[in-house]
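Commentary on secondary and tertiary structure
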Amino acid sequence: MPSAKVNNTEINYLFENHGKENTLVFSNSLGTNFSMWEKQWEEISKHFNILFYDTRGHGKSEVTEGDYSAELLGNDILQLTEFLGIKEFYFCGISMGGLIGQWLALSADGRLKKLIISNTAAKIGTAEGWNSRIKSVSENGLSSILEATAERWFTESFNKNHKNEVDGILKNFAATPLQGYISNCAMVRDADFRNELDKINIPTLVISGKYDEVTTVEDGNFLQKNIRNSEHIYLETCHLSNFEKPTEFNDAVVRFLNQ
């Protein structure tokens, strides 16, 4: 896979130019890499050019020291798209990627045309909760929270009936560089857009999972209520809606971006 040195870090990416008018950038969740979008690949590429990348500290992208911020990770995307000659783009971010998307919508100076934020919130969790997570994985490693992660990310039936797929996601989770995971936890801990959502003025689609206890339907309702040009749907999923219900997810994305 190619990589680019942007914003003082090496970012692993895959850009597929299908000759379409618009490019859709996908941003992964905490503890994954861009392979989490594998079920979007074929369908979405029929309609748009697609850019997958591993968030800093994840997958094959570089791990840099210290706490990350939404601004830092958002600028990674702005500089990567600039490097690739992509002046304007659509953006689809899930969970942590949804926080990055909110920052882009507030800060990207007209480069972002439409926004899709899935299984996310204006503020995810509490500082106490994230500090506890950081302490726990620092002492015990990411493998110590694999079972709890599977329960948060997928419904009981999906965990039971799609074990091989779940195991693949968890394998990537366990392989995430520990420092990268912790640095991104700090970003999620510190990001808070609750008082800025009314400044987002691009068309926005909010997707929630009906059974998601991490970023709830109520969190999605709050986003939709406060982002003026937005709509909100929910799927019969937990936290990784794109992976558990790909057909419904893909249909919603294509419909929204083409309308």
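So, how was this worked out
Sequence order as written defines the numbering, with residues in each chain counted from 1. Residue-level local features of this predicted model are given only where pLDDT is at least 70; pairs of side-chain atoms are given and counted only at 80 or more, and the full residue set underlies all totals for whole chains, interfaces and linings. Heavy atoms from the whole structure form the basis of all side-chain values; hydrogens and water molecules are not counted. One speaks of a salt bridge when a side-chain nitrogen belonging to Lys or Arg is within 4 Å of a carboxyl oxygen belonging to Asp or Glu. Strands are runs of DSSP state E lasting at least two residues, helices are runs of H or I lasting at least four, and both sets are numbered from the N terminus onward. With a 1.4 Å probe rolled over the protein chains alone, any residue whose accessible area is under 20% of its type maximum counts as buried; one over 50% counts as exposed, and the rest are partly exposed. Two rings from Phe, Tyr or Trp (for Trp, the six-membered ring) form a pair when their centres sit within 6.5 Å of each other. Planes less than 30 degrees apart are called stacked, planes more than 60 degrees apart edge-to-face, and all others tilted. For a Lys NZ or an Arg CZ to count as sitting over a ring, it must be within 6 Å of the ring centre and within 35 degrees of the ring normal.

What follows covers the pattern of salt bridges. Here the structure, examined in full by the defined rule, presents eleven salt bridges. Between Lys46 and Glu43 there is a salt bridge, and its shortest N-O distance comes to 3.2 Å. Residue Lys163 pairs with Asp167 through a salt bridge whose shortest N-O separation is 2.8 Å. Of this pair, Lys163 and Asp167 are both found in helix H7 (residues 163-175), four residues apart, which corresponds to roughly one turn of the helix. Overall, the relative accessible area of 51% leaves Lys163 in the exposed class. Of the residues examined, Asp167 reaches a relative accessible area of 34% and is grouped as partly exposed.

Given two aromatic rings, one states the distance between the centres and the angle between the planes to describe the pair. Taken as a whole and judged by the stated rule, the model has eleven aromatic pairs. Each ring, one from Phe48 and one from Tyr90, has its centre 5.8 Å from the other, and the planes form 85°; the classification is edge-to-face. A residue pair is termed long-range when its members are at least 10 positions apart, and Phe48 in the loop between helix H1 (38-44) and strand E4 (49-53) and Tyr90 in strand E5 (residues 89-94) qualify at 42 residues. The exposure class of Tyr90 is buried, given its relative accessible area of 6%. Three or more aromatic residues joined by ring pairs form one cluster here, namely Phe26, Phe34, Trp37, Trp41, Phe52 and Phe249. Above the ring of Phe243, the side-chain terminus of Lys39 is found at 4.1 Å from the ring centroid. Here the basic side chain of Lys114 rests over the ring of Phe256, its NZ or CZ set 5.2 Å away from the ring centre.

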